[in-house]
Amino acid sequence: MVDVVRTQRLVLRPLAASDADRVHTLFNNWNVIRRLSSPPWPYTFEDARSFVGHKTKNARNLTKTGYAITRDGVLIGGTDIRVSDSEPHHRSPILGFWLGEDYWGQGYMSESARGFLAHVFNAGVGDVICSGASADNAASLRVQEKLGFVREGETMMFAKPRGGEFPHINTVLTRASFKATAA
Ligand SMILES: CC(C)(COP(=O)(O)OP(=O)(O)OC[C@H]1O[C@@H](n2cnc3c(N)ncnc32)[C@H](O)[C@@H]1OP(=O)(O)O)[C@@H](O)C(=O)NCCC(=O)NCCS
């Protein structure tokens, strides 16, 4: 089920082809990209167009599409819940998220992810969600901890933008632990 998700300050909606320009503007930033495993660097407009195109092509499939995180109608970041064959260490759908740097430190991702995960669990994607972060990504790990994710172990993961393998902390969230943190 693909739908619009509303939180106190944010609206999450499926990405649209017209978002490519804004995604490029916010994503073409080393401080954002260096934390991620798969985007290329440098990040061109064509990369953004292709990423958004792939997500919109799968707009009706929650575990293949992508969401724009918007505030007052302006795209400030993105999130998704994906099922991946190329990430075998994740046995369940994987939560991903990012925000443009100007929007960090204001509680937006905690708010966005709480609303999005409630939607994902309601949609029947399963009872377990995986995520994780580069071991030096304290902000992401803190967001996950607040949502009820627990650490499952550390692996080395290839980070394409940084061009090498780096320690990665794998995390897992159950429906029950998510519910407990919402109480
Ligand atoms: C990770 C990211 C999404 C966080 O978004 P955000 O909106 O700033 O997060 P929030 O404000 O909701 O929460 C951040 C939490 O981390 C904490 N934090 C931030 N930097 C920290 C640091 N260096 N060390 C420890 N904690 C830190 C904040 O204090 C806050 O915790 P609190 O609510 O208990 O005070 C954002 O920094 C980002 O997009 N980074 C680049 C892309 C990325 O890393 N994506 C995730 C890949 S796994």
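These notes cover the structure that comes with them. As the structure is a computational prediction, the values presented were derived from the model and not from experiment.

**Things to note about the site of the ligand**
The full set close to the ligand counts 22 residues, and G105, S110, N137, R142 and K146 are the nearest of them. S110 places a side-chain nitrogen or oxygen 2.6 Å from an oxygen atom of the ligand. K146 places a polar side-chain atom, nitrogen or oxygen, 2.5 Å from an oxygen atom of the ligand. Coverage of the ligand by the protein amounts to 69% of the 970 Å² it exposes when considered alone. Of all the elements in the fold, those that place two or more residues in the shell around the ligand are β5 (94–99), α4 (108–122), β6 (128–134) and α5 (138–147). Looking at which element gives the most residues to the shell around the ligand, the answer is α5, with six residues. Residue composition of the shell around the ligand, grouped by class: twelve nonpolar, seven polar and three charged.

**Things to note about the nonpolar core**
Counting residues in each nonpolar core, the largest one holds 24 residues, and the members touching the most others are L95, L117 and I129. Elements represented by at least two residues in this core include exactly β3 (67–71), β4 (74–82), β5, α4 and α5. With seven residues, α4 is the single largest residue contributor to this core. Apart from the residues lying within four places of it in its own chain, the contact partners of L117 are L95, I129, L147, F149, L173 and F178. By size, the runner-up hydrophobic cluster in this structure holds 13 residues, among which are A20, L26, Y43 and W98.

**A few points about unusual backbone geometry**
Of note, the amide linkage connecting W41 to P42 takes the cis form, showing an omega dihedral of 0 degrees. Along the chain, P42 falls in the loop between α2 (30–33) and α3 (45–57). Of note in the backbone geometry, D72 takes a positive phi value of approximately 50 degrees without being a glycine. For D72, the location among the structural elements is in the loop between β3 and β4.

**Quick word on the packing of aromatic side chains**
The tally for this structure, following the rule as stated, stands at five aromatic pairs. Summarising the aromatic geometry, the rings of F27 and W98 are spaced 4.7 Å apart at their centres and angled 65 degrees between planes, so their arrangement reads as edge-to-face. Of this pair, F27 sits in helix α1 (residues 20–27) while W98 sits in strand β5; the two residues are 71 residues apart in sequence, bridging distant segments of the chain. Under the relative-accessibility criterion, W98 is labelled buried at 12%. Taking 5.2 Å as the distance between ring centres and 50 degrees as the angle between the ring planes, the aromatic pair formed by W30 and W41 counts as tilted. Of this pair, W30 sits in helix α2 while W41 sits in the loop between α2 and α3, placing them eleven residues apart in sequence.

What counts, and where the lines are drawn
- Residues numbered from 1 in each chain as written.
- Predicted model: local features only at pLDDT ≥ 70, side-chain atom pairs only at ≥ 80, totals over all residues.
- Heavy atoms only, no water.
- Near = heavy atom within 4 Å.
- Polar contact = N/O pair within 3.5 Å; in protein donor to acceptor, adjacent residues only side chain to side chain.
- Areas by Shrake-Rupley, 256 points an atom, 1.4 Å probe, with all protein chains shown as cover.
- Helix = DSSP H or I, 4+ residues; strand = E, 2+ residues; numbered from the N terminus.
- Nonpolar A, V, L, I, M, F, W, Y, C, P; charged D, E, K, R; others polar.
- Core = buried A, V, L, I, M, F, W, Y, C linked by side-chain atoms within 4.5 Å.
- Buried < 20%, exposed > 50% of the residue type's maximum accessible area, 1.4 Å probe, protein only.
- Contact = heavy atoms within 4.5 Å.
- Phe/Tyr/Trp six-rings, centres within 6.5 Å; stacked < 30°, edge-to-face > 60°.

So yeah, pure geometry; function would need other evidence.
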